[in-house]
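Below are the chains, spelled out letter by letter.
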Amino acid sequence: MEQYKLSVASSPHASSPVGTKNLMRDVLIALIPAMVMGVWVFGPRALTMTLVSVVFCEIFEWGYCKLMHKPIPISDLSAAITGVLLVFVCPVTLPYWMIIIGDFFAIVIVKQLFGGLGTNFLNPALAGRAFLMLSYPVPMTTWVLPGKENWASIGSAADAVTGATPLSIDYMKSAEDAGAAISQFSMGDMFIGNIGGCVGEVSAIALLIGGIYLIAKKVIRIRIPAAYILTVAVLTLIFSRAPEGANVFEWMLREIFAGGLFLGAFFMATDYVTSPNTPKGEIIFGIGAGLLVVFIRYFGGYPEGVCYSILVMNICVWLIDKYTLPKRFGVTAEMRKAEKEKAKAAKKAAKEGAEA
């Protein structure tokens, strides 16, 4: 009987070949098109930044788990995903040491101190970006424009040509600047990625390809990305800030293609840990994030709002799940009322016992 090993476990007993590592590998594959475009537009420094970020995310996760005598989850690739996504939402001119600080904050503070993978309530990469934005606002808003100069050096981006992004020009809200934006950044440039911005957010088509791959592989569901993007599209079409004489539909497409909307919708808002668990909750999450993006872009002090919109909705996930959980089968209203009264009585008895 030694060849037959009895495994005892609690229900449910359904198993699946799909694990964390498989899911993370698919996400990395989906990020390849955006990585290729990032290197093509910003030069080899985009790749070296990504490698440095991934290596230090793995080091910080290994070091923390080793120090706390916890199982080391390096093989699940979750830290690598955080490293890649953090670089994707930062400008290519950011010094390596700043990226490393962001890696430490994302992995140790946001992820591990809250229990590790599956227990963090914020997206680690976006939280790392928000921390870097708060600590180093000037380097985090120094954008590089496409050009041959970006291929001059791997270690430094000092020779790169900096300039405004489409969203930062739109944020100025003047007709002259708006006209300059339309002439400087065509719709084709924004869709393909021939614009300035963060490393991984410039190419809408590359991110769209990656998102379709994740949906086809059933790694993510379409509800959050669709609700997110459609909300931004509808609001920017109805309440357009296009200058007089400009095409409002074209301006709406600018709001969608420019900035990190596609990156956030497909790769960050859909994070399993920090997004709702119910279909209705996913739609609410996407609509809420879309509303916040438009509010921040229109009325805030920063031209982009994707990062903060997702972080705010991450904090609201517990509330969304609480009110969108499906009703238990066979449980009547009387039974739910009895459960509430029983819980209330138990709480009252515990309070009286503590006072006694």
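Just above sits the structure.
Here's a quick rundown of the structure. (Residues numbered from 1 in each chain as written. Predicted model: local features only at pLDDT ≥ 70, side-chain atom pairs only at ≥ 80, totals over all residues. Heavy atoms only, no water.)

1. Comments concerning the pattern of salt bridges
So, point 1. For the coordinates displayed, the defined rule picks out six salt bridges.
So, point 2. Across the pair Glu282 and Arg221 runs a salt bridge whose closest N-O atoms are separated by 2.5 Å. Here Arg221 lies in the loop between helix 9 (204-216) and helix 10 (223-238) and Glu282 lies in helix 13 (residues 279-299), a separation of 61 residues in the sequence.
So, point 3. The class for Glu282 is buried, based on a relative accessible area of 4%.
So, point 4. For Arg297, the salt bridge identified is with Glu304, shortest N-O distance 2.9 Å.
So, point 5. Among the charged side chains, a network of salt bridges with common partners joins Arg241, Glu255, Arg297 and Glu304. (Salt bridge = Lys/Arg side-chain N within 4 Å of Asp/Glu carboxyl O. Helix = DSSP H or I, 4+ residues; strand = E, 2+ residues; numbered from the N terminus. Buried < 20%, exposed > 50% of the residue type's maximum accessible area, 1.4 Å probe, protein only.)

2. Concerning the side chain of Thr231
So, point 1. Topologically, Thr231 is positioned in helix 10.
So, point 2. Not counting chain neighbours up to four residues away, the residues in contact with Thr231 comprise Gly286, Ile287, Gly290 and Leu291. (Contact = heavy atoms within 4.5 Å.)

3. Re unusual backbone geometry
So, point 1. The residue Leu77 is not glycine, and still its phi comes out positive at about 70 degrees.
So, point 2. Within the fold, Leu77 resides in the loop between helix 2 (45-67) and helix 3 (78-88).
So, point 3. Although it is not a glycine, Lys218 adopts a positive phi angle of roughly 60 degrees.
So, point 4. For Lys218, the location among the structural elements is in the loop between helix 9 and helix 10.

4. Considerations on the packing of helix 2 against helix 4 (residues 96-111)
So, point 1. Axis separation between helix 2 and helix 4 bottoms out at 9 Å; the angle between their running directions is 35 degrees. Helix 4 is crossed by helix 2, and the crossing has right-handed handedness. Residues Arg45, Thr48, Met49, Val52, Ser53, Phe56, Cys57, Phe60, Glu61 and Tyr64 of helix 2 lie in contact with helix 4, whose contacting residues are Tyr96, Ile99, Ile100, Asp103, Phe104, Ile107, Val108 and Lys111.
So, point 2. Taken together, the residues of the contact of helix 2 with helix 4 sort by class into twelve nonpolar, two polar and four charged. (Axes fitted to C-alpha atoms, helices over the stretch in contact; angles between N-to-C directions. Left-handed = near helix turned anticlockwise from the far one by under 90°. Nonpolar A, V, L, I, M, F, W, Y, C, P; charged D, E, K, R; others polar.)

5. Considerations on the environment of Leu126
So, point 1. You can see Leu126 is positioned in helix 5 (residues 124-135).
So, point 2. Separated by 44 residues in sequence, Leu126 and Thr82 have C-alpha atoms that sit 8.9 Å apart.
So, point 3. If sequence neighbours within four positions are ignored, Leu126 has contacts with Met268, Cys307, Ile310 and Leu311.

6. Some details on the environment of Ala258
So, point 1. Relative to the assigned elements, Ala258 resides in the loop between helix 11 (248-257) and helix 12 (261-268).
So, point 2. Sequence separation between Ala258 and Phe185 is 73 residues, and the spatial gap between their C-alpha atoms is 9.8 Å.

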